[in-house]
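Given next are the chains, with one letter for each unit.
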Amino acid sequence: MNRDDDMIMPIMPGTERSRSARTARGFIAAAAAFASVLSAQDLVFYDPAATANDTVAVPDAPVALTVHAEKPLLTIPPEFYAVNQTICPAHFAFRNRELVKRLKPDVIRIFTQKLTLWSKVDGKGKREDFVLSSKKGEYNWKQIDDHVQGIVDCGAKPYVALGFGAPPWLYSSGSERLVRPPRERFDEYAEYMADIVRHLAVEKRFPVRYVTVDNEPENVKYPIDDYVELVHLAKAAIQKAVPGVMVGGPVTGYATWEQPDGKKLSFDSSSRYLKEKQTPFDFIDWHVYATAPSVVMRTANILRDIYGPKMELILSELNRDWRYATAKDQATAISNNAGWGSVAWLIYLFDHLQRAGISQVHYFDLISNPFGLMDYWNTEARPNYFTFWACTSLLGRKRVAAESTHPSIGIIATRDDGMTTALIYNRSAADSAVTIRGMNAGSILRFSSDWYDANRSITNDMLRMPAWESAPASMSVPAGGFIVVRAAERIE
């Protein structure tokens, strides 16, 4: 954890920030980065590990896999593979753009109200907050413009959460970190959101299609009826300013939502209440952090049951453990989010959330110690950096039917432009032999814990990736990891 005293801050050449960093010899204080945004008392507590990771027995014989290359299953949505970059300013988050581009994210999600950077200069901690609007009618557009431009430069589309919390000039009560405006000023907050969308989509012509009304209203501590009213006002103001944009919510976590009368609404009950009140969402957005894939799938099933098959569902924050407020919490979160057990967990969820018709899944997040696909100071890629890359870069978008004879082994098979490719993942604790029918394996790529441990370091902004090899006569899938198999020939 305490590596900030010997890690030189990675810097982006050619910027004022990089020149000042060279002069000051800045160092990253990674542990403080996320604790600066929220404190423990700001969050509605729930234990993401209360239900242990779903365990799967090791198979006692080779697992038979069958690929039906001529039988379409589904098309992976064009914006499915997404990631959050919600906290750090653009000059820091995208300082190594090639590593972000390599991930090929479809969408990158951001917050709008505030970005925070922590560093150490001459042995002293330094905090920089970049606030969008400190006074009514005044905007510091540069930071959000740079943020969205960075997303576009990385080949992704922006997804804009109009929050976390309102601007400080609307402060009424609650946490100063998560400003909740008084109900009588909701119209001002709605116009503020409309100003942001108008600026990005109309004035800057950024490809902004999805926006949400604030973020985690249960943690901003809105009474639920107040939030319903805010959505009505915000949607009207935003779509008057930019008619084509879609406005969603409620952006709630898998947590209880406490009301002024002391009643605590569950995720299920608050979701049903919002539907009963005809809250005018164009799409539904939610968050869940859980070590058990079954918990994640339960939330998706709840929302599908409530809203039916036609409503677009977007999981805008997904990881295994949200905790980070103390050193102990952060160590647990890093173990859960960045440990080897996260690999098969994520592929299983990509597999099944695609089957459930979820249109976007946003991994939380790109850069940070407790959560990131890369650590805060960009010296290490986490296991799911490679998982995410394999899904976006090695697989196609047109899934075909495939089946496995054992629950420990899963398979995602695609056929695009005549090429059949299969990503085969292992949820058990031992290497497992597999046989494949329906495709003639030509090449194979393996991702194991041993390979990862030997290649996790980012050195001189470079990262080694797994390589293709000729497929052996017999194949096995590493414990907790995956292989990708390509057919020997393309079929026209």
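Residues numbered from 1 in each chain as written. Predicted model: local features only at pLDDT ≥ 70, side-chain atom pairs only at ≥ 80, totals over all residues. Heavy atoms only, no water.

Asker: Explain the pairing of strand β22 (residues 482–487) to me, using residue names and the numbers behind them.
Answerer: Of all six residues making up β22, five are buried, and the element is well covered by its neighbours. Sheet topology places strand β17 (residues 419–426) next to β22; five bridges connect them, and they run antiparallel. Directly across from Thr 421, in β22, lies its bridge partner Arg 486. Pairing between strand β19 (residues 441–447) and β22: six bridges, direction antiparallel. By the bridge assignment for β22, Leu 445 is matched with Val 484. (Buried < 20%, exposed > 50% of the residue type's maximum accessible area, 1.4 Å probe, protein only. Helix = DSSP H or I, 4+ residues; strand = E, 2+ residues; numbered from the N terminus. Pairing = 2+ DSSP bridges.)

Asker: Could you give an account of helix α5 (residues 141–153), naming the residues involved and the relevant values?
Answerer: Taking 1.5 Å per residue, 13 residues should reach 18 Å; α5 reaches 18 Å between its end C-alpha atoms and fits that length. For α5, every residue scored as buried is listed here: Gln 143, Ile 144, Asp 145, His 147, Val 148, Gly 150 and Ile 151. Looking at the residues trailing α5, positive phi occurs at Gly 155, about 85°. (Expected span 1.5 Å × (residues − 1).)

Asker: Provide a residue-level description of the nonpolar core, including the pertinent values.
Answerer: Buried together is how nonpolar side chains tend to be arranged in soluble globular proteins. Counting residues in hydrophobic clusters, the biggest one holds 125 residues, and the most contacted among them are Tyr 227, Ile 238, Leu 353, Tyr 385 and Phe 482. Setting aside residues up to four positions removed in sequence, Tyr 227 forms contacts with Val 213, Pro 217, Tyr 222, Gly 249, Pro 250, Val 251, Trp 257, Leu 274 and Phe 281. Core analysis: the next-biggest nonpolar cluster, separate from the first, contains 20 residues, Val 63, Val 400, Ala 402 and Val 477 among them. (Core = buried A, V, L, I, M, F, W, Y, C linked by side-chain atoms within 4.5 Å. Contact = heavy atoms within 4.5 Å.)

Asker: I'd like a rundown of the side chain of Gln 354, residues and numbers included.
Answerer: Relative to the helices and strands, Gln 354 resides in helix α12 (residues 342–355). Separated by 3.0 Å, the side chains of Gln 354 and Tyr 81 make a polar contact. Those residues in contact with Gln 354, other than ones at most four positions away along the chain, are Leu 74, Ile 76, Phe 80, Tyr 81, Leu 349 and Arg 399. (Polar contact = N/O pair within 3.5 Å; in protein donor to acceptor, adjacent residues only side chain to side chain.)

Asker: Explain the sheet that holds strand β15 (residues 398–404) to me, and be specific about the residues and the numbers.
Answerer: The mixed open sheet is built from nine strands, whose spatial order is β20-β19-β22-β17-β16-β15-β2-β18-β21. Among the strands making up the open sheet, the edge pair consists of β20 (469–470) and β21 (475–477). Strands in contact with α12 are β2 (63–75), β15, β16 (409–416), β17, β19 and β22; relative to β17, the strand with the most contacts, it is inclined by about 125°. Here helix α13 (residues 383–393) sits on the sheet and contacts β17, β19 and β22; the angle it forms with β19, its principal contact strand, is near 155°. (Axes fitted to C-alpha atoms, helices over the stretch in contact; angles between N-to-C directions.)

Asker: Provide a residue-level description of the pairing of β17, including the pertinent values.
Answerer: By the criterion of burial, β17 is predominantly enclosed, with eight of the eight residues buried. In β17, alternate side chains face the same way, and those of Met 419, Thr 421, Leu 423 and Tyr 425 on one face and Thr 420, Ala 422, Ile 424 and Asn 426 on the other are all buried. Pairing of β16 with β17, which is carried by eight bridges, proceeds in the antiparallel orientation. When the bridges of β17 are listed, Ile 409 appears paired with Asn 426. Here β16 folds back onto β17, and the loop between the two strands holds two residues, one of which, Asp 417, carries a positive phi near 55°.

Asker: How would you summarise the packing of aromatic side chains if you had to cite specific residues and measurements?
Answerer: One pair of aromatic rings is described through two measures. These are the centre distance and the angle between the planes. Applying the stated rule across the entire model yields 31 aromatic pairs. Seen from their ring centres, Tyr 289 and Phe 371 are 6.2 Å apart, and the 65° between their planes marks the pair as edge-to-face. In this pair, Tyr 289 is assigned in strand β12 (residues 284–289) and Phe 371 in the loop between β14 (360–363) and α13, connecting sequence segments 82 residues apart. Owing to a relative accessible area of 5%, Tyr 289 belongs among the buried residues under this scheme. Taking the relative accessible area as the measure of exposure, Phe 371 reaches 3% and is therefore buried. Centre to centre, the rings of Phe 447 and Trp 451 are 6.0 Å apart; their planes meet at 65°, and the pair counts as edge-to-face. On the basis of relative accessibility, which here comes to 0%, the residue Phe 447 falls in the buried class. A connected cluster of aromatic rings, assembled from ring pairs, spans Trp 340, Tyr 385, Phe 386, Phe 447, Trp 451, Tyr 452 and Phe 482. (Phe/Tyr/Trp six-rings, centres within 6.5 Å; stacked < 30°, edge-to-face > 60°.)

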